[in-house]
Amino acid sequence: MKFERHDILLIAGLLLFMIGLIPFMAPMYAGIIVIIMYFGIKVYVGKRKQLIQKDVGEGICMECGSRVFNKKCLNCDYSKE
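Residues numbered from 1 in each chain as written. Predicted model: local features only at pLDDT ≥ 70, side-chain atom pairs only at ≥ 80, totals over all residues. Heavy atoms only, no water.

Visitor: An account of the overall build of the protein chain is needed here, citing residue identities and associated values.
Guide: Summing up its helical and strand segments, the protein chain has 3 helices and 2 strands in all. Order of helices (α) and strands (β) in the protein chain, N terminus to C terminus: α-α-β-β-α. The C-alpha radius of gyration of the protein chain comes to 21 Å, more than 25% above the 12 Å expected for a compact globule of 81 residues. In terms of overall dimensions, the protein chain has a C-alpha envelope of 70 × 20 × 15 Å along the principal axes. The proportion of buried residues among the 81 residues of the protein chain is 19%. When the accessible surface of the protein chain is summed, it comes to about 6,800 Å², and 67% of that surface belongs to carbon and sulfur atoms. Looking at charge distribution, the protein chain has the averaged site of its 11 positive side-chain charges lying 7 Å from that of its 7 negative ones. (Helix = DSSP H or I, 4+ residues; strand = E, 2+ residues; numbered from the N terminus. Rg over C-alpha atoms; globule rule 2.2 N^0.38 Å. Buried < 20%, exposed > 50% of the residue type's maximum accessible area, 1.4 Å probe, protein only. Areas by Shrake-Rupley, 256 points an atom, 1.4 Å probe, with all protein chains shown as cover. Lys, Arg positive; Asp, Glu negative; His and termini not counted. Charge placed at Lys NZ, Arg CZ, Asp CG, Glu CD.)

Visitor: Can you explain the environment of R5? Please cite residues and give values.
Guide: Note that R5 resides in the segment before α1 (7-21). On the basis of relative accessible area, R5 is assigned to the exposed category, the value being 78%. Residues R5 and M28 lie 23 residues apart in sequence; the distance between their C-alpha atoms is 27 Å.

Visitor: Tell me about α1, residues and numbers included.
Guide: Look at α1: 21 Å from first C-alpha to last across 15 residues, which is about the 21 Å you get at 1.5 Å a residue. Those residues of α1 that sit buried are D7, L10, L14 and L21. For α1, the arc enclosing every buried residue in end-on projection is 50°, short of the 170-degree limit, so these residues lie on one face. Those residues of α1 that are exposed and aimed more than 90 degrees away from the buried face are I8, L9, L16 and I19. Tucked inside the fold, the buried residues of α1 contact α2 (27-56). (Expected span 1.5 Å × (residues − 1). Arc of directions from axis to C-beta. Contact = heavy atoms within 4.5 Å.)

Visitor: Please set out the environment of K54 residue by residue, giving values where relevant.
Guide: With respect to the secondary-structure elements, K54 resides in helix α2. Residue classification places K54 among the exposed positions, given a relative accessible area of 65%. For the pair formed by K54 and I11, sequence separation is 43 residues and the distance between their alpha carbons is 28 Å.

The structure is reproduced here in structure tokens:
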């Protein structure tokens, strides 16, 4: 979970969300909720990036859109043989 440029937008959005929660609950509880949301979103996005990276592998075939493995498309190259 390293800090990236788009995290600034996430932090700004969560701060505005916290300001919106303050009239309904104590600022301490609103802060705790926002901190939990921040780390939850970071973990979710990290897992999602890993899943996409694992799925893409070496790349994507331009013909059919499937995964490229050993510089060959699993669908197109085997169907031609």
